[in-house]
Amino acid sequence: MNLQFRRFVEEPAIYYLAEVGHDNEERLRFFITITQGNRNEELRFTHTFYR
(Lines give C-alpha, C1' and ligand atoms only; values in the text may rest on other atoms or scores of the structure.)
Protein backbone atom coordinates (compact mmCIF):
# COMPACT_ATOMS: atom_id res chain seq x y z
CA MET A 1 0.00 0.00 0.00
CA ASN A 2 1.33 3.45 -0.89
CA LEU A 3 0.49 6.29 1.47
CA GLN A 4 -0.45 9.71 0.12
CA PHE A 5 1.00 12.34 2.45
CA ARG A 6 -0.42 15.85 2.82
CA ARG A 7 1.63 18.75 4.11
CA PHE A 8 0.30 20.94 6.94
CA VAL A 9 2.12 24.05 8.11
CA GLU A 10 1.55 25.46 11.60
CA GLU A 11 4.45 27.84 12.10
CA PRO A 12 7.08 26.96 13.05
CA ALA A 13 6.14 23.26 12.61
CA ILE A 14 5.54 21.35 9.36
CA TYR A 15 3.57 18.08 9.48
CA TYR A 16 3.17 15.36 6.84
CA LEU A 17 0.03 13.26 7.45
CA ALA A 18 -1.45 10.25 5.66
CA GLU A 19 -4.60 8.23 6.29
CA VAL A 20 -4.58 4.46 6.60
CA GLY A 21 -7.56 2.15 7.07
CA HIS A 22 -7.41 -0.42 9.87
CA ASP A 23 -9.42 -2.83 11.99
CA ASN A 24 -9.55 -2.76 15.78
CA GLU A 25 -6.32 -3.99 17.37
CA GLU A 26 -4.68 -4.37 13.96
CA ARG A 27 -0.89 -4.15 14.00
CA LEU A 28 0.66 -2.55 10.91
CA ARG A 29 4.30 -2.35 9.89
CA PHE A 30 5.46 0.75 8.06
CA PHE A 31 8.50 1.14 5.82
CA ILE A 32 8.75 4.75 4.69
CA THR A 33 11.46 5.99 2.33
CA ILE A 34 12.44 9.62 2.85
CA THR A 35 14.26 11.32 -0.03
CA GLN A 36 16.13 14.61 0.13
CA GLY A 37 18.11 15.49 -2.97
CA ASN A 38 20.04 12.34 -3.92
CA ARG A 39 19.99 10.93 -0.37
CA ASN A 40 17.49 8.26 0.81
CA GLU A 41 16.74 7.18 4.37
CA GLU A 42 14.25 4.56 5.54
CA LEU A 43 11.96 4.93 8.56
CA ARG A 44 10.59 1.63 9.92
CA PHE A 45 8.10 1.15 12.74
CA THR A 46 5.08 -0.90 13.86
CA HIS A 47 1.92 0.40 15.46
CA THR A 48 -1.21 -1.23 16.86
CA PHE A 49 -4.40 0.68 16.00
CA TYR A 50 -7.50 0.76 18.18
CA ARG A 51 -11.02 2.00 17.53
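What counts, and at which threshold
- Residues numbered from 1 in each chain as written.
- Predicted model: local features only at pLDDT ≥ 70, side-chain atom pairs only at ≥ 80, totals over all residues.
- Heavy atoms only, no water.
- Helix = DSSP H or I, 4+ residues; strand = E, 2+ residues; numbered from the N terminus.
- Buried < 20%, exposed > 50% of the residue type's maximum accessible area, 1.4 Å probe, protein only.
- Contact = heavy atoms within 4.5 Å.
- Patch = residues over 30% accessible without salt bridge, like charges linked within 9 Å, V, L, I, M, F, W, Y side chains within 5 Å.
- Areas by Shrake-Rupley, 256 points an atom, 1.4 Å probe, with all protein chains shown as cover.
- Salt bridge = Lys/Arg side-chain N within 4 Å of Asp/Glu carboxyl O.

Student: Please give an account of the environment of histidine 22 that cites residues and values.
Tutor: Note that histidine 22 resides in the loop between strand 2 (13–17) and strand 3 (26–36). By relative accessible area, which is 17% here, histidine 22 ends up buried. Separated by 14 residues in the primary sequence, histidine 22 and phenylalanine 8 place their C-alpha atoms 23 Å from one another. Setting aside chain neighbours within four positions, we find histidine 22 in contact with Leu28, Phe49, Tyr50 and Arg51.

Student: So what's going on with a nonpolar patch on the surface? Residues and values would help.
Tutor: On the surface, a nonpolar cluster with roughly 390 Å² of combined accessible area is contributed by Phe5, Val9, Ile14 and Tyr16. Tracing the sequence through the fold places isoleucine 14 in strand 2.

Student: Requested: an account of the pattern of salt bridges, with residues and values cited.
Tutor: All chains considered together, the criterion is met by 3 salt bridges. Notably, a salt bridge pairs glutamate 41 with arginine 39, separated by 3.0 Å at the nearest N-O pair. Taking the relative accessible area as the measure of exposure, glutamate 41 reaches 41% and is therefore partly exposed. Put simply, arginine 44 and glutamate 42 hold a salt bridge, and the shortest N to O gap is 2.6 Å. On the basis of relative accessible area, glutamate 42 is assigned to the partly exposed category, the value being 44%.

Student: If you had to explain the environment of leucine 28 to someone new, which residues and values would you point to?
Tutor: Along the chain, leucine 28 turns up in strand 3. Note: C-alpha distance between leucine 28 and threonine 48 (20 residues apart in sequence) is 6.4 Å. Once residues lying within four places of it in the same chain are set aside, the contact partners of leucine 28 are Val20, Gly21, His22, Phe45, Thr46, His47 and Phe49.

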